[in-house]
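Residues per chain, in single letters:
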Amino acid sequence: MGKDWTGNAKSIYTTLGASSHALTERQADDYYATEPKAVEILLENEKFAPQVWECACGEGHIAKVLVKHGYDVSATDLIYRGYGEKESYDFLTCDEQNIEEDIITNPPYKYAQEFVEKALEVIANGHKVAMFLKLQFLEGKSRKSMFAKFPPKTIYVSSSRLKCAINGDFEKVTSSAVAYAWFVWVKGFTGNPIIKWVN
Ligand SMILES: C[S@@+](CC[C@H](N)C(=O)[O-])C[C@H]1O[C@@H](n2cnc3c(N)ncnc32)[C@H](O)[C@@H]1O
């Protein structure tokens, strides 16, 4: 599928009515592209299902690396940015269930917990969710409850800082002030998370 993915069960899209249009405008700026190297590092450490859904794909910085590694990637976003499915797709309101795919993304940070919970809701048992998140996602009261219910299996801490670029403009990013990690869940896992330090 990859870049030219034209649709599957997820092809029932949100119609852009007044309220979702407002949502689109509100989130227009919350776009930070992930440095492709971050995905290479993830793939050196984790194997995923053959079919992967990048459910907030932006310009495809994550999805393109997955395609390069042979994954069959469906790519959707609330805002079309020139990559993936052209129709607006609101991941948080989708009604997918039991999908036999893994989900890998860097979600909008202000909805990161919602994205994690939604991703774990839509995938079938045993499938993986990998989210590129700020390290500080580990703290916070509501996240504490979520982590108790859904512990990640592995957290890959990026020791040398990886970059995210606002509006995908990596030329303007010289160094990163933010510490990131890949958080990987396996649906159904109830043990203690393992922390690994990468790069
Ligand atoms: C931090 S950016 C990351 C983009 C891409 N995943 C990457 O790593 O390069 C977050 C993306 O989430 C998208 N987004 C925000 N709310 C969304 C929603 N409800 N459903 C789907 N995508 C959403 C934004 O349009 C933006 O492209």
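### Quick notes on the site of the ligand
Argument step 1. By nearness alone, 22 residues border the ligand, and Thr34, Ala56, Gly58, Leu78 and Asn106 come closest of all.
Argument step 2. For the shell around the ligand, the elements supplying multiple residues, two or more each, are strand E1 (32-34) and helix H3 (61-68).
Argument step 3. Top contributing element to the shell around the ligand by residue count: E1, with three residues.
Argument step 4. Tallied by class, the residues present in the shell around the ligand amount to 13 nonpolar, six polar and three charged.

### Observations concerning the environment of Ala165
Argument step 1. Looking at where Ala165 falls in the secondary structure, it is placed in strand E7 (residues 164-166).
Argument step 2. Assessed through the 17 C-beta atoms surrounding it within 10 Å, Ala165 is described here as partly exposed.
Argument step 3. Through-space distance from the C-alpha of Ala165 to that of Tyr31 is 8.2 Å; in sequence the pair is 134 residues apart.

### Quick notes on the packing of helix H4 (residues 112-122) against helix H5 (residues 141-149)
Argument step 1. At a minimum axis separation of 11 Å, H4 and H5 run at an interaxial angle of 15 degrees. As far as their axial angle goes, H5 and H4 are roughly parallel. Crossing angle aside, the handedness with which H4 passes H5 is left-handed. Two secondary-structure elements touch here, H4 through Gln113, Val116 and Glu117 and H5 through Ser142, Arg143 and Met146.

### A closer look at H3
Argument step 1. Residues of H3 that are buried include every one of His61, Ile62, Ala63, Val65 and Leu66, and no others.
Argument step 2. Next to the buried residues of H3 lie E1, helix H2 (36-45), strand E2 (51-54), strand E3 (72-75) and strand E4 (102-105).
Argument step 3. Backbone geometry just downstream of H3 places Gly70 in the positive-phi region, at approximately 90 degrees.

### Looking at the sheet that holds strand E5 (residues 128-134)
Argument step 1. Here we have seven strands laid out as an open sheet, ordered E3-E2-E4-E5-E8-E6-E9, and mixed in their pairing. Edge strands, defined here as strands with exactly one partner in the open sheet, are E3 and strand E9 (194-198). Between one strand axis and the next, the sheet turns by 20 degrees as a mean value, whatever way the strands run.
Argument step 2. For E5 and strand E8 (residues 180-186), the ladder comprises seven bridges, and the chain directions are antiparallel. The residue of E8 that forms the bridge with Met131 is Phe183.
Argument step 3. Taken strand by strand, H2 contacts E5, strand E6 (154-158), E8 and E9, and its axis lies near 130 degrees from that of E9.

### A look at the pairing of E4
Argument step 1. In E4, alternate side chains face the same way, and those of Asp102 and Ile104 on one face and Ile103 and Thr105 on the other are all buried.
Argument step 2. Judged from the three bridges that link them, E4 and E5 form a sheet pairing that is parallel. Its bridge partner being in E5, Ile104 is matched across the sheet by Ala130.
Argument step 3. In this region the chain leaves E4, passes through H4 and returns to the parallel neighbour E5; the handedness of that crossover is right-handed.

About the criteria used
Residues numbered from 1 in each chain as written. Predicted model: local features only at pLDDT ≥ 70, side-chain atom pairs only at ≥ 80, totals over all residues. Near = placed C-beta within 6 Å. Helix = DSSP H or I, 4+ residues; strand = E, 2+ residues; numbered from the N terminus. Nonpolar A, V, L, I, M, F, W, Y, C, P; charged D, E, K, R; others polar. Buried ≥ 20, exposed ≤ 12 C-beta atoms within 10 Å, placed from the backbone. Axes fitted to C-alpha atoms, helices over the stretch in contact; angles between N-to-C directions. Parallel < 35°, antiparallel > 145°, perpendicular 65-115°, else oblique. Left-handed = near helix turned anticlockwise from the far one by under 90°. Contact = placed C-beta atoms within 7 Å. Pairing = 2+ DSSP bridges. Right-handed = clockwise from strand over helix to strand, strands pointing away.

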